[in-house]
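Read off the chains here:
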Amino acid sequence: MIANSINHQNPSFLLLYRKQSTSIPLFISNFTEHILNSNNIDVVLGDFNINYLNSDDNLSFKSLMNNFNFEQIVQQATFISYTSQIC
């Protein structure tokens, strides 16, 4: 268990995975409605399978995360192919 020594609160973690076959708009909608809006999440970990070379997918997910004051810490692609770069 991890505890914040300043305010003695335990942070909440969410581990999340999106199958590549799941549409990104549906994923973002469900993630927002069913998880972020109804839970206090401090850290989100996971494999979102979002292609950074597709600006529409990338921007909508970045916007969502920024709206909830999350910051991405992975700075390099974890998978690179001819048509995709996944971070």
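Note: the structure precedes this text.
Along its length, the protein chain carries two helices and four strands. N-terminal to C-terminal, the α/β element order of the protein chain is β-α-β-α-β-β. Relative to its 87 residues, the protein chain shows a buried fraction of 29%. Excluding contacts between residues fewer than 6 apart, the proportion of contacts in the protein chain whose partners are at least 24 apart in sequence is 63%. Of the roughly 6500 Å² of accessible surface on the protein chain, a fraction of 52% belongs to carbon and sulfur atoms.

Take the nonpolar core next. In this structure, Phe31, Val44 and Phe61 are the most contacted members of the largest nonpolar core, which totals 16 residues. If one sorts the elements of this core by residue count, helix α1 (residues 24-36) sits on top with six residues.

Turning next to the side chain of Arg18. Tracing the sequence through the fold places Arg18 in the loop between β1 (13-17) and α1. Of note is the side chain of Arg18, whose polar atom sits 2.2 Å from the backbone oxygen of Thr22. Setting aside anything within four residues of it in sequence, one finds Arg18 in contact with Ser23, Ile24, Phe27, Asp47, Phe48, Asn49 and Ile50.

With that out of the way, let us pick up the side chain of Thr32. For Thr32, the location among the structural elements is in helix α1. Of the polar contacts made by the side chain of Thr32, one reaches the backbone oxygen of Ile28; its length is 2.8 Å. The contacts of Thr32, once residues within four sequence positions are left out, are Asn37, Leu64 and Phe68.

So, about helix α2 (residues 55-67). Taking 1.5 Å of rise per residue, 13 residues should cover 18 Å, and α2 covers 18 Å from first to last C-alpha, within 8% of that figure. Considered for burial, the residues of α2 that qualify are Asp57, Asn58, Phe61, Leu64 and Met65. Across the axial projection of α2, the buried residues extend over an arc of 135 degrees, all falling on one side. Set apart from the buried face of α2 by more than 90 degrees, the exposed residues are Asp56, Leu59, Asn66 and Asn67. On its buried side, α2 packs onto α1 and β2 (43-47). Looking one or two residues beyond α2, the residue adopting positive phi is Asn69, at roughly 60 degrees.

This part is about a nonpolar patch on the surface. Judged by side-chain polarity, Phe13, Leu15 and Leu45 come together as a nonpolar surface patch covering roughly 330 Å² of accessible area. In this fold, Leu15 is placed in strand β1.

Reading the values: the criteria
Residues numbered from 1 in each chain as written. Predicted model: local features only at pLDDT ≥ 70, side-chain atom pairs only at ≥ 80, totals over all residues. Heavy atoms only, no water. Helix = DSSP H or I, 4+ residues; strand = E, 2+ residues; numbered from the N terminus. Buried < 20%, exposed > 50% of the residue type's maximum accessible area, 1.4 Å probe, protein only. Contact = heavy atoms within 4.5 Å. Areas by Shrake-Rupley, 256 points an atom, 1.4 Å probe, with all protein chains shown as cover. Core = buried A, V, L, I, M, F, W, Y, C linked by side-chain atoms within 4.5 Å. Polar contact = N/O pair within 3.5 Å; in protein donor to acceptor, adjacent residues only side chain to side chain. Expected span 1.5 Å × (residues − 1). Arc of directions from axis to C-beta. Patch = residues over 30% accessible without salt bridge, like charges linked within 9 Å, V, L, I, M, F, W, Y side chains within 5 Å. Salt bridge = Lys/Arg side-chain N within 4 Å of Asp/Glu carboxyl O.

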